[in-house]
Amino acid sequence: MTWIAAGAVVVWLWLLLGQGFFWRTDVRLPRTPPGEHGDPPDEAPGDWPSVAIVVPARDEAAVLPVSLPSLLAQDYPGPAEVFLIDDGSSDGTGKLARELADSDGGLPLTVSSPGEPEPGWTGKLWAVRHGIALAKSTHKSEFLLLTDADIAHEPDSLRELVRAARAHGLDLVSQMARLRVTTGWERLIVPAFVYFFAQLYPFRWVNRRRGRWAAAAGGCVLLRREAAERAGVPEAIRQAVIDDVALARAVKRSGGAIWLGLADRVDSVRPYPGLGELWRMVSRSAYAQLRHNPLLLVGTVAGLAVVYLAPPVALCAGALTGRPALLVAGAVAWALMAATYVPMLRYYRQTLWLAPLLPLTALLYLLMTVDSAVRHWRGQGAAWKGRTYARPSAAP
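If you're wondering where the values come from, they're calculated on a predicted model, not measured in any experiment.

Calculation notes
Residues numbered from 1 in each chain as written. Predicted model: local features only at pLDDT ≥ 70, side-chain atom pairs only at ≥ 80, totals over all residues. Heavy atoms only, no water. Helix = DSSP H or I, 4+ residues; strand = E, 2+ residues; numbered from the N terminus. Buried < 20%, exposed > 50% of the residue type's maximum accessible area, 1.4 Å probe, protein only. Areas by Shrake-Rupley, 256 points an atom, 1.4 Å probe, with all protein chains shown as cover. Lys, Arg positive; Asp, Glu negative; His and termini not counted. Charge placed at Lys NZ, Arg CZ, Asp CG, Glu CD. Phe/Tyr/Trp six-rings, centres within 6.5 Å; stacked < 30°, edge-to-face > 60°. Core = buried A, V, L, I, M, F, W, Y, C linked by side-chain atoms within 4.5 Å. Domains from an automatic or database assignment. Contact = heavy atoms within 4.5 Å. Pairing = 2+ DSSP bridges. Axes fitted to C-alpha atoms, helices over the stretch in contact; angles between N-to-C directions. 1 Å grid on protein atoms, 1.4 Å probe; cavity = no way out; pocket = protein on both sides within 12 Å on 5 of 7 lines; lining within 4 Å. Points joined across faces, edges and corners; volume = space filled by probe spheres on them. Nonpolar A, V, L, I, M, F, W, Y, C, P; charged D, E, K, R; others polar. Expected span 1.5 Å × (residues − 1). Buried area = accessible area lost by both parts, 1.4 Å probe. Salt bridge = Lys/Arg side-chain N within 4 Å of Asp/Glu carboxyl O.

With that settled, consider the overall build of the protein chain. Across its full length, the protein chain holds 13 helices and 10 strands. On the principal axes, the C-alpha backbone points of the protein chain span a range of 75 × 60 × 40 Å. Across the 396 residues of the protein chain, 54% fall into the buried class. Carbon and sulfur atoms provide 59% of the accessible area of the protein chain, an area that totals close to 17300 Å². Measuring between centres, the 41 positive side-chain charges of the protein chain sit 10 Å from its 35 negative side-chain charges.

If you want it as structure tokens, here you go:
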């Protein structure tokens, strides 16, 4: 046990210093170079490119009254239009969207439905495909903003996304929306969700022009239309359950420059009040993240156990058995783990007392991952909003 605890210390030292500083939360939307007086230079309205905002929506009536008005109210100097694609909703999503547009005004809104997805397509990507095609038929926009129906944007969100993309020559700009953290379960699980994502896809590595790492956050993706056509998306990724990462990989593979960071002014308003909702949110795609590979599943479970669970077990075992080396190794590894979690808790404005509870949260994620695999083996696949997706028949 002492050797396992010592190994955990080594791993945490590596994660602290060698994994792209994933634990830091300072990767934010790049600013444009300052002008004469220190402020970013502005442009005339005619200089701003046109943007098509595509919102795939399935049974989103509960969140639309908060999210959709924030899109319609975008303070964007150039031409922009919102395309909400109602993906077979049964709760009046499309009707509500039209009512909100009529009452709130703002950017033009088009609501359309693509019908049931064709075989080989996930529902969201089928809706995105329809939205992109619809936007192309009405006007040739230079940029596409792909944003989920539960995402609320501050009035200058689109302006800053486009400004960053143009100033830095980026083909894809994605922000990890700040998820809702209100209930006890949300406080325990949500910040860790972003923490683990950043550990898996360190933002600094993702943002390297010549690096192999690629990822995006599907809730907020600004995509240059030319880059989308060059990468062949969404057709090239039509079966992807984890569509945001697949999209970023396709764009980067085709020579595009991508950027991913944390958001300051983009928020998810979707509630996950109980453990059940959070469990389903994680488990629906966890096994897909492991490429449906049993060996990767075993390795992931073992890795989580050694890296996250062994330190507190070693500390307690060392204290109970009077083995100082075991106690110290467990304490050091646990302390390093908690320290790397502190910046994410601060970003989410949560109490730092949650940092030592990260092993408990990791245990929950381990169980969610196993549950995701079990569901797949039972033929339930990745289930979401009444649809179940099996393993893709071929890599996208």
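Having put the structure on the table, let's press on.
Aromatic ring pairs are described here by two measures, namely the spacing of the ring centres and the angle between the planes. What the rule picks out here adds up to 13 aromatic pairs. Relative to W23, the ring of F21 has its centre 6.2 Å away and its plane inclined at 70 degrees; by these criteria the two rings are edge-to-face. Ring geometry for Y287 against W377: centres 5.8 Å apart, planes inclined by 80 degrees, an arrangement best described as edge-to-face. Here Y287, found in helix α10 (residues 275-289), pairs with W377, found in helix α13 (residues 358-377); they are 90 residues apart in sequence, far enough to count as distant. Judged by relative accessible area, W377 falls into the exposed class, the value being 52%.

A few words on the nonpolar core. In this structure, L223 and Y308 are the most contacted members of the largest nonpolar core, which totals 127 residues. For this core, the element with the most residues is helix α12 (residues 324-347), which contributes 11 residues. Shared between two domains, this core holds at least three residues of each, these being domain 1 (1-21 + 277-376) and domain 2 (51-273). Look past the residues within four positions of Y308 in its chain and what remains in contact with it is W12, Y195, F196, Q199, G303, M337, L358, P359 and A362.

With mixed pairing, 8 strands are arranged side by side in an open sheet as β3-β2-β1-β4-β7-β6-β8-β5. Edge positions in the sheet fall to β3 (109-112) and β5 (151-153), since each of these pairs with one other strand and no more. Going across the sheet, the axis of each strand differs from the next one's by a mean of 30 degrees, ignoring polarity. Its contacts with the sheet put helix α2 (residues 64-72) on β1 (51-57), β2 (80-86), β3, β4 (143-147) and β5, and the angle it makes with β5 is roughly 40 degrees.

Moving on, we get to empty space enclosed by the protein. Once rolled over the atoms, a probe with the size of a water molecule shows which space is left empty. Evaluation of the coordinates by the stated rule reveals 1 cavity of 30 Å³ or more. In this structure, the largest cavity occupies an estimated 150 Å³ of space. Here the element with the most residues in the lining of the largest cavity is helix α4 (residues 123-138); it accounts for 4 residues. Taken together, the residues of the lining of the largest cavity break down into 11 nonpolar, 2 polar and 4 charged.

Since there are 3.6 residues in each turn of an α-helix, residues three or four apart along the chain are aligned in direction. Between its first and last C-alpha atoms α4 spans 23 Å; for 16 residues at 1.5 Å apiece the expected length is 22 Å, and the two agree. Among the residues making up α4, those that are buried are G123, L125, W126, A127, V128, G131, I132 and A135.

Here the protein chain is described as being made up of domain 1 (1-21 + 277-376) and domain 2 (51-273). Computed from C-alpha coordinates alone, the two centres of domain 1 and domain 2 are separated by 30 Å. The junction of domain 1 with domain 2 conceals about 2900 Å² of combined surface from both sides, 68% of it contributed by carbon and sulfur atoms. If you sort the residues of domain 1 by the area they bury against domain 2, L278, Y347 and Y348 come out on top, with a joint share of 24%. Between domain 1 and domain 2 we count 0 salt bridges in total.

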